[in-house]
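# Observations on the three-dimensional arrangement
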Amino acid sequence: MSSTPLVTRHSSLVTASALALALALVLTACDNSQTTLHSNLPEQQANLVMAALLDSGIPCHKAPGDEGTWNVTVSEARFAEAVNLLEHRGLPRRDYQGLGEVFKKTGMISSPSEERIRFMDALAQDLSRTIAAIDGVVDARVHVVLPENDPFARNALPSSAAVAVRSRWDADISEYVPAIKGLVKNAIEGLTADKIMVTVFQDAPPTQP
């Protein structure tokens, strides 16, 4: 009896196995292909991002970036999942510039009106950074209005402030609203509680994959 059919069948099985193995290796390589999720982050922010990803079962890596910063990478297959997760967690945190950063000595002379605008912006960012640190808060923005009143005018326009707070979907921060109002009131001279508006926007629950 000829053994040619058996040899042919064996060769076909070997070829099929080799192709299956090659395909598995290609798929594995594609799945492990890394892409940058965030770059040039301060180390603390990079660690927070990695902690959130790892807690949710998403593998990630950290590599040195430019000038003491860090880059966080994930596999291309889980990039979208990682982006959605960090968006709901409010990570990485927004970089606020407070009074110290805005008013660094630059050697340039600013006009009084420019100095006033810079002061209001720096004050608003300082307050935003403080509010954003409250548990359950994803992000916060404070808008301050300080009218340039005539010191000799009889009726001066009052200062005012608007606070927009974004909270996590599973956090109720309504109990903090009076404290937020008090914080803003005490930080801005001449501001009264009735001229402060705090609006809370709660994230929608994350969709299940």
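The rules we used
Residues numbered from 1 in each chain as written. Predicted model: local features only at pLDDT ≥ 70, side-chain atom pairs only at ≥ 80, totals over all residues. Heavy atoms only, no water. Salt bridge = Lys/Arg side-chain N within 4 Å of Asp/Glu carboxyl O. Buried < 20%, exposed > 50% of the residue type's maximum accessible area, 1.4 Å probe, protein only. Core = buried A, V, L, I, M, F, W, Y, C linked by side-chain atoms within 4.5 Å. Helix = DSSP H or I, 4+ residues; strand = E, 2+ residues; numbered from the N terminus. Arc of directions from axis to C-beta. Contact = heavy atoms within 4.5 Å. Pairing = 2+ DSSP bridges. Axes fitted to C-alpha atoms, helices over the stretch in contact; angles between N-to-C directions. Phe/Tyr/Trp six-rings, centres within 6.5 Å; stacked < 30°, edge-to-face > 60°. Lys NZ or Arg CZ within 6 Å of the ring centre and 35° of its normal.

### Points about the pattern of salt bridges
- Within the structure shown, the criterion is met by six salt bridges.
- For D170, the salt bridge is made with R168, and the minimal N-O distance between the two is 3.0 Å.
- With relative accessibility at 26%, the residue R168 sits in the partly exposed group.
- In the salt-bridge network here, residues are joined through shared partners; they are E87, R166 and D203.

### So, the nonpolar core
- With 23 residues, the main nonpolar core has I131, V142, V163, V165, V184, I188 and V198 as its most contacted residues.
- Listing elements by their share of this core, those giving two or more residues are α5 (112-132), β4 (137-145), β5 (160-167), α6 (177-187) and β6 (196-202).
- Looking at this core element by element, the count peaks at six residues for α5.
- Counting residues in hydrophobic clusters, the runner-up holds 15 residues, among them L41, M50, V72 and L86.

### Focus: helix α3 (residues 79-89)
- Along α3, the residues classified as buried are A82, L85 and L86. Taken end-on, α3 shows its buried residues confined to a sector of 95 degrees, consistent with a single buried face.
- Its buried side turned inward, α3 meets β1 (34-41), α2 (43-55) and β3 (70-75).
- Following α3 by one or two positions, G90 adopts a phi angle in the positive range, close to 70 degrees.

### Things to note about the sheet that holds β5
- Strand order across the open sheet formed by three strands is β4-β5-β6, with mixed pairing between neighbours. At either margin of the open sheet sits one strand with a lone partner, and together these are β4 and β6. On average, each strand axis in the sheet is tilted by 15 degrees relative to the strand beside it, whichever way the strands run.
- One ladder, built from seven bridges, connects β5 with β6; its direction is parallel. Bridging across to β6, A164 finds its partner in T199.
- Along the sheet, α5 contacts β4 and β5; its crossing angle with β4, the most-contacted strand, is approximately 155 degrees.
- Contacts from α6 reach β5 and β6 within the one sheet, and its direction differs from that of β6 by about 135 degrees.

### With respect to the side chain of T69
- Relative to the assigned elements, T69 resides in the loop between β2 (60-64) and β3.
- Taking the relative accessible area as the measure of exposure, T69 reaches 17% and is therefore buried.
- Dropping the residues within four chain positions of it, T69 is found in contact with N40, L41, A63 and P64.

### Digging into the packing of aromatic side chains
- Enumeration over the complete set of coordinates arrives at zero aromatic pairs.
- Sitting above the plane of the W70 ring, K62 keeps its charged end 4.6 Å from the centroid.

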